[in-house]
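Working through the structure, step by step
Residue-level listing of the chains:
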Amino acid sequence: ILKLGAGDNANKLPFGTMGPQFFPHANGMVGRSSALDDDDTDALLLSANLGKSGQSPPPSSPKALLPKFILESRSDALALSRIVWHRTGRIPSNNASSTNLPYPPLMMGRPDPEDLKAIRSSLLNPFLAMASCRTGEETTDAEMRVYCAYSLPAVILLFGGMNWEMDGLKTCFLELIGRDGLNDDDDDDEDEDDDRPPPPLPVKRCLASSVHAVAHMLGPEIVSKDTAFLASFERAFLRDPDEAIRLNVLKNLASFLGALPPGDGAGHRNYYLPLLHSIITGEDVLGASKKRSASNPGVLNWRQRDAVARVLPDLILLFNAKLTREFIWPILKMLLTDSVSAVREDAGWSVPVLLRKYTKSHSEKEARAWMSEVIVWLKETFLDEGNGDGKVLKRSFSKSRRHKKMVASEGAFSKRQGYCRIVAAVALSMRMGEDEDSNLGYDHSDSEEDESGHNHGMPALPIDPFGKMSQAEMNRFRSILLNDLLPAALDMTVDCVANVRLTLTKCLKLLPADIRAESQVEEVLSTLEEELMTWDVGDMALNDVQLGMLGGTGANGGMGAMDSSMGPADPPGTQQMDGNVLPNSLSAC
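Residue positions are given per chain, counted from 1 along the sequence in the order it is written. The predicted origin of the model limits local features to residues at a pLDDT of at least 70 and limits the giving and counting of side-chain atom pairs to 80 or more, whereas totals for whole chains, interfaces and linings rest on all residues. Water and hydrogen atoms were dropped before computing side-chain values, which therefore reflect all heavy atoms in the structure.

Counting its regular elements, the protein chain contains 26 helices and six strands. For the protein chain, buried positions account for 54% of its 589 residues. Sequence-distant contacts in the protein chain: of pairs separated by 6 or more residues, those separated by 24 or more amount to 71%. The accessible surface values rely on the Shrake-Rupley method and a 1.4 Å probe; as for residues, cover is taken only from the protein chains in view. Surface exposure of the protein chain reaches about 25,900 Å², of which carbon and sulfur atoms provide 52%. Strands here are runs of E lasting at least two residues and helices are runs of H or I lasting at least four, both read from the DSSP assignment and numbered beginning at the N terminus. Each residue is placed in one exposure class: buried if its accessible area under a 1.4 Å probe, protein chains only, is under 20% of its type's maximum, exposed if it is over 50%, and partly exposed if it falls in between. Whether two residues are in contact is decided by their heavy atoms, any of which lying within 4.5 Å being enough.

The subject of this paragraph is the environment of Ala-231. Along the chain, Ala-231 falls in helix α11 (residues 227-238). The class for Ala-231 is buried, based on a relative accessible area of 14%. With 36 residues separating them in the primary sequence, Ala-231 and Gly-267 have C-alpha atoms 10.0 Å apart.

This brings us to helix α9 (residues 211-218). The buried count for α9 comes to eight of eight residues, which makes it a mostly enclosed element. Of all the positions in α9, only Val-211, His-212, Ala-213, Val-214, Ala-215, His-216, Met-217 and Leu-218 are classed as buried. Phi turns positive one or two residues past the end of α9, at Gly-219, with a value near 95°.

A few words on the nonpolar core. Ranked by internal contacts, the top residues of the largest apolar core, which has 137 residues, are Leu-169, Phe-173, Phe-229, Leu-257 and Leu-508. Considering every element that reaches this core, the biggest residue donor is helix α20 (residues 413-430), with ten residues. Setting aside chain neighbours within four positions, we find Leu-257 in contact with Arg-269, Tyr-272, Leu-276, Leu-315, Leu-318 and Phe-319. The nonpolar core is taken to be a set of buried Ala, Val, Leu, Ile, Met, Phe, Trp, Tyr and Cys residues, with the residues joined through side-chain atoms within 4.5 Å.

With respect to the secondary-structure elements, Met-371 resides in helix α19 (residues 364-382). Met-371 gets classed as buried once you look at its relative accessible area, which sits at 4%. Linking Met-371 and Ile-480, residues 109 residues apart in sequence, is a C-alpha distance of 8.9 Å. In contact with Met-371, not counting residues within four places along its chain, are Leu-355, Tyr-358, Thr-359, Arg-476 and Ile-480.

The next subject is the pattern of salt bridges. Each reported salt bridge corresponds to a side-chain nitrogen of Lys or Arg within 4 Å of a carboxyl oxygen of Asp or Glu. Under the defined criterion, the tally for this structure stands at 22 salt bridges. Between Asp-346 and Arg-310 there is a salt bridge whose closest N-O contact spans 3.1 Å. Of this pair, Asp-346 sits in helix α17 (residues 341-347) while Arg-310 sits in helix α15 (residues 302-317), and the two are 36 residues apart along the sequence. In this pair, the class of Asp-346 matches that of Arg-310, namely buried. Of the charged contacts, one joins Glu-473 and Arg-356 as a salt bridge, the two residues approaching to 3.3 Å between their closest N and O atoms. Within this pair, whereas Glu-473 is found in helix α21 (residues 471-490), its partner Arg-356 is found in helix α18 (residues 350-358), the two being separated by 117 residues in sequence.

Bear in mind that shape data such as this cannot, by itself, settle questions of function.
As structure tokens, then:
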């Protein structure tokens with residue numbers, strides 16, 4: 001497999017980087033603190049994965065301006081899907097159906113039945129025994145279980161998910177995570193299991209980061225009926241007291257739920273949404289922001305919250321607008337007001353996905369009300385507008401803005417920067433696919449649910465949360481920008497804080513060409529660019545919106561808020577912006 005995934009084969013169908021991408025869970029996941037490293041995905045593999053689906057963003061493409069975590073999530077979803085399609089001998093079509101693969105050459109690399117028979121008879125049983133071996137040495141036993149857990153997804157893929165119970169792989173999985181937490185009602189085995197040691201943390205951490213891949217290999221029909229496997233997801237992973245285990249599960253939460261069939265009832269996707277809402281908003285995840293630590297006051301558990309913020313765009317796609325508003329919107333509001341700036345900035349990318357989901361509501365009245373609710377909340381929270389009754393003063397473009405006295409807006413300047421970043425995210429979502437002739441993959445405009453269908457026991461083509469918009473969606477977003485979001489942002493032209501004006505400038509440069517050409521927007525942008533030209537900061541790349549555009553590290557590099565929040569502090573008396581050192585006199589007045 002590794003041989004097929006490197007070198008000259010990297011751009012060949014159907015697998016390309018299939019080998020290296022199959023083991024993303026093994027890279028930094030056994031450790032406690034490296035699960036959210038920005039550099040744990042090879043840039044070459046990322047480009048190759050997106051390229052084989054016709055979605056590789058060229059340097060000038062708006063998609064290249066998306067943060068790296070969104071592109072990585074898309075890349076991992078496509079890689080996992082290609083692996084499952086190749087193993088089952090099927091590929092998806094653009095309408096989310098699947099067709100049989102022809103034998104030459106796409107069937108190359110699939111396991112030969114005779115080879116599988118030989119491996120099953122000679123090697124499988126020793127591998128399964130590693131999950132429960134007892135040599136008398138705890139260190140040796142734990143090491144064998146780690147090796148077994150690390151390779152288990154590959155073994156399941158080799159023999160096929162349909163055979164995992166018959167081959168004993170299911171028993172192996174349950175042994176590795178510890179049966180005690182799953183068989184609460186089984187009193188017959190209680191005495192027998194008393195002397196079983198708890199599973200080592202590295203074993204559960206490794207399995208927590210690959211349980212979503214196992215679910216995809218099993219297929220929706222098997223997963224939805226396997227109560228023990230589903231119970232392990234909830235009890236052994238989501239509710240585990242170890243922070244690293246929960247973190248690894250949260251990172252792939254949307255992928256796991258995407259492997260379940262849509263609908264209500266046990267084993268289906270909607271069944272788990274109230275449960276997930278309760279766990280995520282509980283004291284172990286989002287509720288931990290209220291805790292204090294002597295060594296790290298105010299930011300305890302922030303990586304878990306950031307993992308939830310990063311997974312929300314894919315999570316929103318899996319449910320209809322009503323469920324999204326009831327269970328996911330409250331989570332998003334908590335993340336947008338988090339005490340850590342990196343969490344707030346990553347959460348801001350879910351706002352355009354949420355608004356787009358609301359446009360697909362069956363009721364136009366509901367769609368308008370829910371989108372208005374989001375806009376009003378954003379203005380009340382970030383701009384301190386309104387009086388808490390859900391109503392804000394309607395703004396309009398002001399032609400006399402340039403002649404106003406420069407005054408400080410109410411509220412913290414970081415809130416106003418956050419508002420500009422959200423406006424930029426909405427604007428950038430409108431530009432997705434503007435360099436394409438057609439919408440590749442899933443047509444977002446056809447259904448209200450946007451739920452991944454399943455055919456032949458396998459997942460359909462993964463949905464892109466930042467795919468090309470339909471014309472109706474474009475018209476709706478254009479109205480939201482011009483009438484609701486932009487007027488308040490343009491008032492920041494005279495903001496007292498220079499960093500706010502700089503963020504606003506970058507925001508306006510991301511607007512679609514037709515909106516940027518509006519007289520009021522064009523006037524404000526021209527004013528801001530003229531002002532920035534007077535700053536004595538060297539060769540600042542004013543026309544390069546890729547540098548630190550919205551916080552976080554973009555697809556093509558650049559410095560963002562995540563880097564600055566985790567790295568060392570700037571020298572006294574200076575502040576770093578887009579790689580340039582600005583004196584404090586330019587960051588505020």
